[in-house]
Amino acid sequence: MVAPWNTEAIDSQFKVVTPENIAFNYQVAGPFRRLLAFLLDLAIRAAVILAFFIVLSIAGVGSIFVSAGLEDLMFALMTLAAFFFNWFYMAAFEYWWNGTTPGKWLLNLRVTTDEGEPINLFQSAVRNLFRYVDMWPMVPLPFAVMREEMTPEPVVVTFLFALIVPIFNQRFQRIGDLVAGTMVVIEDRSWLMKIAKIEDDRARLLADYIPPNFVAPRSMVKAVATYVERRRYFTTARRREIARHLAEPLLEKFGLPADTSYDLLLCALYYRTFLSKHSADGTKEDSQLLGDLTQQSNPYSAAPNSPVTAQSK
Amino acid sequence: MKVAHLIEKRRVYWQELENLCAQMANSRKKTIGARNIARFAALYRAACADLALADSYQLPPNIVDYLHKLVGRAHGQLYRSRRVDWSKIGDILFRQIPREIFQDRCVQLTFWLFWMVFLLAGFMAANPDRFPNFAADIVGAENIDMYEQMYADAPSSRNNGPTASGAAFYVNHNTGIGIKCFVVGITVIGGICVLLYNAAVLGATFGHMASPNVSEEVSEHFFEFVTAHGPFELTAIVLAAGAGLRIGFSLISPYHKEESLLPEELPEGEESLFDKSRRVAYERIDSLRIGAKRALPVMGASAILFILAAMIEAWISPSSLPEQVKQVVAIFCSGLLMVYFIVLGYPRRESDAA
C-alpha cells in the first residue's frame, strides 16, 4: 500500500488490518532467527534443570526431604515437573507472555495468529505439541559400531520437517504453526526514529536555488529520503554514483551548473522537502535569482582533486 | 505545515505510547490504572491515524517504518491472549465431545484397527505351538524375559505397592506416548504405523502371558496388575491415534460435509478490505485447521483418560487389594466408558434446537 510494487512478497511483510480499519505491516520472522530463539529456550531449560539438580543434590535440599520421609513425594513432583517442562514449557510461556517465550523475547519475536491477533491457549498448546513431528524423520544410527552399548532407541533426530515445511509457505510456518493457524513475527522494541540531519550548510544554501515552484513528486521524495537516510554508509564515490541518476536530470531542469555535486543536490532537495521553514508548494517570495550562480565559480561543485573524480572517472 | 515540524509535534505522543507499551508488557493491567489505559487507547488511535495519513503527509520512509512497528507493538498490547472460559468446560466435556467422538470416522477406524490387530497378535502369541517365536519376534526376547521377571512376584509385593512417584511416572510416560501417537498422526502413515505397532506389541504381550509357555503364577500376577487400568489406557491410545488421523486425513482430502461445519467455517471465501485476492475455500491449509479443531477435543478426552489410567495404574493396580476388587474397578471403568461414548455420544436431534 505504501510502495507501488508488492514489497510484501520480497520483504516477508504481512499486512494486518486492525479493527480500527488501519492496515499495518508485520515482518514475518525467518527460520534462522527462530532457530536461535529455540536454541536459547533450550539452553534456558537446560540451565533451569541443572540449577534444580544442584539445589537438590549439592545444596542438600534433597536430603532434607529424605530425612523428612518425603522422598517419594519429591520424586513424584520432579517427574511431573519434568513432564510439564518437557511438553508445555513453550505453550505456557506463549499463553501467559502474550506469544513470547524467554528466547523469543530476547530476539524480539512474537507468535500471533494468521490474522495478526493474539493466540489463545489451544493454539499455543497445539503449535508446541507438534514440535515432536518437527524432529522427524528419525533415523536409526547407521553403523553397528555406533549402535552398540547405546540405550534403547538409538536414533538421530534430523529436524528435516522443521527445515523443509517452512520453505513451502510464505510465512515460514512450521507444521505446528500450520495446524494451529499461527505465525511468528518480528516485533522490534528498539529502533531509531530520526529525520536525517543535514549538517552541511552548503546544502541549505543550495536549497534556495531550487526553483520555488518545483514540487517533487511522491516517488521522488521517497527516493531522495531513502538515499539521504543511508548516505552515511557510502563512500564519496559511491554516493556520486548512486545520486547521479536522479541528480543529473534535475540539474538540467533547474538550470544549475553541471559540475554541482550530485550528493549535495539531493541533500538540498531533502532539506527543502522535510526541513526548511518554507512551504513546499512554492508560495515563498521569489527573491533569489538563479542568475547569480552563473557569474561566479560554482561553490557547490565537487572539488576537482577530490576522490570523487579520481575514482569515478 | 513542514514535515519536520509535524514529526516533532507528533513524536511526543509516539514516545508516550512507546513508554506505555513497555509498561503494559511488564506489568499486569490492574496496576497500570484506568487513566493510563484510556490514555493508551487514545494514543493508539492517534498513531493509527498518523500511519494512515503518512502517505499524504509525505513522511520519510523510515518514519513510516517506525509507525508500522509502533502500531504493531501497540496492537499486540491492546489485543492480548484471552483467558480460557472455564464455565463452558462441563458442556464441552459431557455434551459435545462424546458426540463428536461417536461420529468421528477416524476414531472408528483406529478403534477397529487397534482391536483387530490386538486380538490377532494376542491369539497368535497365545498359541506358541502353532506360531512359535511369534511373541519373541514382535516384542523382543529380552523384553519378554524382563516382563516375566517383573511379574514373578505379586503386584502388591513389588516396589512397595502404590507410590506417588509411581503415579507421576505413569503420567509422564503414558501421556507422552499418547501425545506422540496424536502428533505423528498428521503424517497418516506414521500415525497408523505407531498405532499398529502399539497394538501388536500390547497384543503379543497379553497373548504371551496367557500362553502355556508362561507359568500360571506369572500370568496371574500380570493380569491382576493390568486389569484395572486396561480399559482406560487402551481407549486413550485409540482416541489419541484417532485424533491424530483426523488431522492427517483433513490434509489429504480437504472435503468436509456441510452439515458438520459451523456457520463461520462455511466456504464463503474471506475478503478483507484491502486484499483483492479471494481465497478459495478449503485450501488444504483451511481444511487442516478445521481438522485440528475437530481433533483437539478428542485429544483432550484422551489426555484425561490417560491421566485417570495412570492414577489407577499407580494406586489400585499395585495395591494389595484382592483381585476381585480390581476386576470390579475394570468393569466399572468399562461401564463408564460405554455410558460416556454411547449414551452421551449417541447422535440426537435436540442438539440442533439447543
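Just so we're clear, the structure is a prediction, and the values are computed from it rather than from any experiment.

A. Seen up close, the domain arrangement of chain B. With domains assigned, chain B is organised as domain 1 (3-81) and domain 2 (87-256 + 279-345). Each of domain 1 of chain B and domain 2 of chain B has a C-alpha centre, and these two points are 53 Å apart.

B. Region of interest: the UniProt feature "transmembrane region" (unreviewed entry) in chain A. Residue and element names in this part refer to chain A. Using the residue numbers shown here, the UniProt feature "transmembrane region" (unreviewed entry) corresponds to residues 42-66 and 73-97. Counting secondary structure, residues 42-66 comes out at 88% helix and 0% strand; the distance between its end C-alpha atoms is 30 Å. Taken end to end, residues 73-97 is 96% helix and 0% strand, and its first and last C-alpha atoms sit 30 Å apart.

C. Structural context of the packing of helix H13 (residues 236-254) of chain A against helix H14 (residues 262-275) of chain A. All names here are of chain A. Relative to each other, H13 and H14 sit at 70°, their axes nearing to 7 Å. Relative to H14, the element H13 is oriented roughly perpendicular. The way H13 lies across H14 gives a crossing that is left-handed. For the pair H13 and H14, the contacting residues are Arg239, Arg240, Ala243, Arg244, Leu246, Ala247, Glu248, Leu250, Leu251 and Phe254 in the first and Tyr262, Asp263, Leu265, Leu266 and Leu269 in the second.

D. Main features of the UniProt feature "transmembrane region" (unreviewed entry) in chain B. Residue and element names in this part refer to chain B. In the numbering used here, UniProt assigns the "transmembrane region" (unreviewed entry) feature to residues 109-126, 177-199, 295-316 and 328-346. The distance separating the terminal C-alpha atoms of residues 109-126 is 25 Å; by composition the span is 100% helix and 0% strand. Taken end to end, residues 295-316 has its terminal C-alpha atoms 31 Å apart, with 95% of it in helix and 0% in strand.

E. Geometry of the packing of aromatic side chains. Residues and elements named next belong to chain B. Considering all chains together, one arrives at 24 aromatic pairs over all chains under this definition. Note on Phe111 and Trp112: the rings are 5.4 Å apart at their centroids and 80° apart in plane angle, and the pair reads as edge-to-face. Note on Phe111: relative accessible area 37%, which makes it partly exposed. Between Phe222 and Phe223, the ring centres sit 5.1 Å apart and the planes meet at 80°, which makes this aromatic pair edge-to-face. One aromatic cluster is present, built from ring pairs that chain together Phe114, Trp115, Phe118, Phe206, Phe222 and Phe223.

F. Here's a closer look at the packing of helix H6 (residues 105-126) of chain B against helix H12 (residues 230-252) of chain B. All names here are of chain B. Direction vectors running N to C along H6 and H12 enclose 130°, while the axes themselves pass 8 Å from each other. In terms of their interaxial angle, H6 and H12 are classed as oblique. Pair H6 / H12 crosses with right-handed handedness. For the pair H6 and H12, contact is made by Arg105, Cys106, Val107, Leu109, Thr110, Phe111, Phe114, Trp115 and Phe118 and by Leu234, Ile237, Val238, Leu239, Ala241, Gly242, Leu245, Arg246 and Phe249, respectively. Its residues placed into classes, the contact of H6 with H12 shows 14 nonpolar, two polar and two charged.

What counts, and at which threshold
- Residues numbered from 1 in each chain as written.
- Chains lettered and ligands numbered in written order.
- Predicted model: local features only at pLDDT ≥ 70, side-chain atom pairs only at ≥ 80, totals over all residues.
- Heavy atoms only, no water.
- Domains from an automatic or database assignment.
- UniProt positions renumbered as here; feature names shortened; annotations may be inferred.
- Helix = DSSP H or I, 4+ residues; strand = E, 2+ residues; numbered from the N terminus.
- Axes fitted to C-alpha atoms, helices over the stretch in contact; angles between N-to-C directions.
- Parallel < 35°, antiparallel > 145°, perpendicular 65-115°, else oblique.
- Left-handed = near helix turned anticlockwise from the far one by under 90°.
- Contact = heavy atoms within 4.5 Å.
- Phe/Tyr/Trp six-rings, centres within 6.5 Å; stacked < 30°, edge-to-face > 60°.
- Buried < 20%, exposed > 50% of the residue type's maximum accessible area, 1.4 Å probe, protein only.
- Nonpolar A, V, L, I, M, F, W, Y, C, P; charged D, E, K, R; others polar.

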